[in-house]
Amino acid sequence: MSGYPEVSRLAFDDTGFWLAADGAPDVTVWDFSGKGPEGTAPRSLHCHETVTALAWRPGAAGHLASGGDGTAAL
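Bear in mind the structure is a predicted one, so any value in this text is a computation, not a measurement. (Residues numbered from 1 in each chain as written. Predicted model: local features only at pLDDT ≥ 70, side-chain atom pairs only at ≥ 80, totals over all residues. Heavy atoms only, no water.)

Our focus in this paragraph is the sheet that holds strand β6 (residues 64–68). Strand order in the open sheet made by the three strands is β5-β6-β7, with antiparallel pairing throughout. Both edges of this open sheet fall to β5 (53–56) and β7 (71–73), since each of them pairs with a single strand only. The sheet shows a mean angle of 15° between the axes of neighbouring strands, direction not considered. Relative to β6, β5 runs antiparallel, the two being bridged by four bridges. Bridge assignment links Leu54 to a residue of β6, and that residue is Ser66. (Pairing = 2+ DSSP bridges. Helix = DSSP H or I, 4+ residues; strand = E, 2+ residues; numbered from the N terminus. Axes fitted to C-alpha atoms, helices over the stretch in contact; angles between N-to-C directions.)

Counting residues in hydrophobic clusters, the biggest one holds eight residues: Ala11, Ala20, Val27, Val29, Val51, Leu54, Trp56 and Leu64. If you list the elements that add at least two residues to this core, you get β3 (26–31) and β5. What Leu54 contacts, discounting residues up to four positions off in sequence, is Arg9, Ala11, Ala20, Ala21, Asp22, Val27, Ala65 and Ser66. (Core = buried A, V, L, I, M, F, W, Y, C linked by side-chain atoms within 4.5 Å. Buried < 20%, exposed > 50% of the residue type's maximum accessible area, 1.4 Å probe, protein only. Contact = heavy atoms within 4.5 Å.)

Below you can see the structure in the form of structure tokens.
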């Protein structure tokens, strides 16, 4: 999990299986189910030039919202 830009926002979903992180124009989502994310590739979502907010929808539905650059993405 090394080699990623400095992270300033983290958000776990309610299950504790998914961790979203900023630190680049992309939102990086790590899978913490099973043995955890070490040695696996994260999912990357490019929605903003600068991410300023991250939040998971309450519950186990797995919906992530991000904000930045005057826009919101779901």
